[in-house]
Amino acid sequence: MRSIRRGIKEMDLILTAYATDYMPDLSDEELETYDSFLKEYDHDIYGWITGQGEAPEEYAGIMTVIMGLASGLTRPN
């Protein structure tokens, strides 16, 4: 649910896609990292996705996938 109702519509779309497609296959450790990721501010996450800032190293794996899902939502394909 925390992936779906974020506060910024773009984040709702991006994180819903990630949660739907990837969460069922995440390990316990990956779920803990994603839970920590969801505690970050939407504007920070969106900035990381759009290249306006750099995500903490602990989120590198998540960000690689999420940035691929966000293509077209944050900038044209």
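The structure under discussion appears in the preceding block.
Residues numbered from 1 in each chain as written. Predicted model: local features only at pLDDT ≥ 70, side-chain atom pairs only at ≥ 80, totals over all residues. Heavy atoms only, no water.

Considering the overall build of the protein
Let me state the cut-off plainly: Helix numbering and strand numbering both begin at the N terminus, where a helix is a DSSP run of H or I of at least 4 residues and a strand a DSSP run of E of at least 2. Partly exposed residues are those whose accessible area sits between 20% and 50% of the maximum for their type, while under 20% is buried and over 50% is exposed, using a 1.4 Å probe and protein chains only. The contact definition used throughout considers only heavy atoms, calling two residues in contact when any of these lie within 4.5 Å. Accessibility throughout is a Shrake-Rupley quantity obtained with a 1.4 Å probe, and a residue counts as covered only by protein chains that appear here.
Tallying secondary structure elements over the protein gives four helices and zero strands in all. Mapped in sequence order, the helices and strands of the protein form the string α-α-α-α. Counting all 77 residues of the protein, 32% fall into the buried class. Across the protein, every contact between residues at least 6 apart in sequence was considered, and the portion connecting residues at least 24 apart equals 52%. For the protein, the accessible surface area stands at approximately 5,000 Å², while carbon and sulfur atoms represent 50% of it.

A closer look at the pattern of salt bridges
Note the threshold: A pairing counts as a salt bridge when a side-chain nitrogen of Lys or Arg comes within 4 Å of a carboxyl oxygen of Asp or Glu.
Overall, the coordinates contain one salt bridge when judged by the stated rule. One salt bridge connects K39 with D35, and the closest N-O pair in it is separated by 3.5 Å. Overall, the relative accessible area of 61% leaves K39 in the exposed class. Taking the relative accessible area as the measure of exposure, D35 reaches 29% and is therefore partly exposed.

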